Amino acid sequence: MQSISLKALSAHLGLSDGTVSRALNDYPDIALRTRNRVKEAARELGYSPNSNARRLATGDAECIGYIVSGQSGHLSEPFLAELLDGITDAIAARHWDLMLSIARTAEDELDIINRLVKTRRVNGLVISRTLATDPRVRLLKQLGMPFVTHGRTSESTDHAWFDVDNSRAFEEAVRHLLNLGHRRIALIGGSPSYNFALARRAGFEKGMQMAGLQPQAHLVEEAALSREGGETAMSRLLALRDVPTAVVCISDVVALGAIAALKAAGLEPGRDMSVIGYDGLPVSEYCSPALTTMTQPLTDAGRRIGEMLLAVVDGEDPTHHQELVQAKLVRRETDRPPLQ
C-alpha cells in the first residue's frame, strides 16, 4: 500500500493538519475518540509519519553516534562491521539511526563530541578503543551526554560499559600453550595507552608466573594494531637467538601479520611456532592455516551496547549497565606442542 501524506490524511478526515498531527502523537488536548479515529484512518490508508519532520518538531534526534578513530586503523578493522551491525539491530526497534563520524586525530575526536552534543544531533554516543586515562570519557561526563564505552578505562565505576575480561583471556591462552608443552612463549601486544592492551599483557604475565615462569622482556613486542604491525613484530622475534616456540597476539589481525612473517621465513605456523590470536574474526577461520583464537561475541557485543545506551538515554542509572563477558578459546590449526 502506498503511503499518503499528512495533508491527504487530514483532508480525508476533514480535520486540520495540526489536529491530526497532535492526535497521532497522543496530545491530551485532543479527545480520545478523535485520537482513535485518526489512528484508525492512518492504519487503513497506510499513513507513515515523516521522521525528519517529527524530529524537527520534537527536538529529538532519534540517533546514536559512533566515533571511529581513523588514526589507529580502527576504520579498516574487520570487527567494526560486526559491532556496528549489532548496534543497529538494537536501535532498529525504535526506528532510530546510527551516525558514524571519523576522527583523524585525538583532538578531532574531542571536537566531534563537542559538536554533536552542542548541535543535539545525537541522543547518545558509543566510544571504543578506550584508553587507560580517556579524555573522551571525561568530556562526555562534563557535557552530560549519555554514553557507553566498548571497553573500560582504569576508572570505570561511574559510567556504562561493555567489556570482555581481557586479562583472563590471555591468562587462559598462555595456560593452554603451557599445557601443550611450550615454555618459551612470546607476546605481541599493543600500546600501553590502550586499557585493553594493559589488561591483556597483565593476563599474559600472570599466566606465565602461575606456572613459575618469569616473562622475558625480549619476548614481549609492542606492535601497531594492524597486519603490518604483527608482521614487523614477528620478524623481530625471529631474529632472536632463542626464538620462541609460541606467541600470543593482541588481535587476529596482528596474528595474521605474524603468520605472514613466519611463512616468509619458510616456517610453518602451528608446526614451527604456535600462534594464538584474539577476536574470533571470520577471516581467522578461513586463513591458511586456520588461526586458533580467543573469540569474543562481536555482534552480540554491539547489540548489548546499543541496548545499554538506549536505557541510559531513557534515564536509567549508567552504573546499572556494566557488563563483563568472557572470551572463549577456539582451537584450529595454529596451536600444537613444540617441536622436540
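What you see is a predicted model; the values in this text were computed from it and never measured. (Residues numbered from 1 in each chain as written. Predicted model: local features only at pLDDT ≥ 70, side-chain atom pairs only at ≥ 80, totals over all residues. Heavy atoms only, no water.)

Within the protein, the regular secondary structure consists of 13 helices and 12 strands. A compact globule built from 340 residues should have a C-alpha radius of gyration of about 20 Å, whereas the protein, at 25 Å, is more than 25% larger. Relative to its 340 residues, the protein shows a buried fraction of 48%. By element, 50% of the accessible surface of the protein is carried by carbon and sulfur atoms, the whole surface being about 16,100 Å². Positive and negative charge centroids in the protein, built from 38 and 42 side chains respectively, lie 1 Å apart. (Helix = DSSP H or I, 4+ residues; strand = E, 2+ residues; numbered from the N terminus. Rg over C-alpha atoms; globule rule 2.2 N^0.38 Å. Buried < 20%, exposed > 50% of the residue type's maximum accessible area, 1.4 Å probe, protein only. Areas by Shrake-Rupley, 256 points an atom, 1.4 Å probe, with all protein chains shown as cover. Lys, Arg positive; Asp, Glu negative; His and termini not counted. Charge placed at Lys NZ, Arg CZ, Asp CG, Glu CD.)

A word on the packing of helix H8 (residues 166–180) against helix H9 (residues 195–210). Look at H8 against H9: their axes get within 7 Å of each other, and the N-to-C directions meet at 35°. Crossing geometry of H8 relative to H9 is assigned as right-handed. Contact with H8, carried on its side by Asn166, Ser167, Phe170, Glu171, Val174 and Leu178, involves Phe196, Ala199, Arg200, Ala202, Gly203, Phe204, Lys206, Gly207, Met208 and Met210 of H9 and no other residues of that element. (Axes fitted to C-alpha atoms, helices over the stretch in contact; angles between N-to-C directions. Left-handed = near helix turned anticlockwise from the far one by under 90°. Contact = heavy atoms within 4.5 Å.)

Judged by nonpolar contacts, the single largest core of 43 residues is most densely connected at Tyr66 and Ile185. Once residues lying within four places of it in the same chain are set aside, the contact partners of Ile185 are Val174, Leu177, Leu178, Phe204, Met208, Leu219, Ala246 and Val248. Listed in part, the 25 residues of the second largest apolar core include Leu225, Val254, Leu256 and Met273. (Core = buried A, V, L, I, M, F, W, Y, C linked by side-chain atoms within 4.5 Å.)

Attention now moves to the pairing of strand E5 (residues 160–164). In terms of burial, E5 is largely enclosed, as 5 of its 5 residues are buried. Residues Ala160, Phe162 and Val164 point to one face of E5 and Trp161 and Asp163 to the other, with burial holding for every one of them. With 4 bridges connecting them, E5 and strand E11 (residues 322–325) associate as parallel partners. Within E11, the residue paired with Phe162 across the bridge is Glu323. (Pairing = 2+ DSSP bridges.)

This part is about unusual backbone geometry. For the peptide bond that leads from Ser288 to Pro289, omega is -5°, which places it in the cis range. Despite not being glycine, Arg120 shows a phi value in the positive range, around 55°. For Arg120, the location among the structural elements is in the loop between helix H6 (106–118) and strand E3 (124–127). Since its relative accessible area comes to 59%, Arg120 is described here as exposed.

Now for the sheet that holds strand E7 (residues 220–222). Judged by pairing direction, the sheet is mixed, and its 6 strands sit side by side in the order E7-E6-E8-E9-E10-E12 without closing on themselves. With partners counted over all chains shown, the strands left at the sheet margins are E7 and strand E12 (328–330), one partner each. Strand-to-strand twist in this sheet, taken as the mean axis angle between neighbours without regard to direction, amounts to 20°. Both strand E6 (residues 185–189) and strand E8 (residues 246–249) contribute to a ladder of 4 bridges, which runs parallel. Among the inter-strand pairings, Ala186 is bridged to a residue of E8, identified as Val247. The sheet contacts of helix H11 (residues 252–264) involve E6, E8, strand E9 (274–279) and strand E10 (292–295), and relative to E9 the element is tilted by about 155°.

As a further point, take H9. The first and last C-alpha atoms of H9 sit 22 Å apart over 16 residues, in line with the 22 Å expected at 1.5 Å per residue. Contacts from the buried residues of H9 go to H8, E6, E7 and E9. Within two residues after H9, Gly212 carries a phi angle of roughly 80°, on the positive side. (Expected span 1.5 Å × (residues − 1).)

Below, the discussion takes up the pairing of E8. Where burial is concerned, the two faces of E8 agree: the one with Ala246 and Val248 and the one with Val247 and Cys249 are both buried. For E8 and E9, the ladder comprises 3 bridges, and the chain directions are parallel. Across the sheet, residue Ala246 finds its bridge partner in E9, namely Ser274. Viewed along the sheet, the connection from E8 through H11 into E9 turns out right-handed. (Right-handed = clockwise from strand over helix to strand, strands pointing away.)

With that settled, consider the sheet that holds E11. Reading across the sheet, the 6 strands line up as E2-E1-E3-E4-E5-E11 and stay open at both edges, with parallel pairing between neighbours. Unpaired on one side and paired on the other, strand E2 (97–103) and E11 mark the two borders of the sheet. Averaged over all pairs of adjacent strands, the angle between their axes in this sheet comes to 15°, without regard to strand direction. One ladder, built from 3 bridges, connects strand E4 (residues 147–150) with E5; its direction is parallel. For Thr149, the partnering residue across the bridge sits in E5 and is Trp161.

Our focus in this paragraph is the environment of Arg304. Structurally, Arg304 can be placed in helix H13 (residues 298–313). Using a relative accessible area of 28% as the deciding quantity, one classes Arg304 as partly exposed. Sequence spacing of Arg304 and Ala31 is 273 residues, and the spatial spacing of their C-alpha atoms is 39 Å. Contact partners of Arg304, with chain neighbours within four places excluded, come to Phe162 and Glu323.

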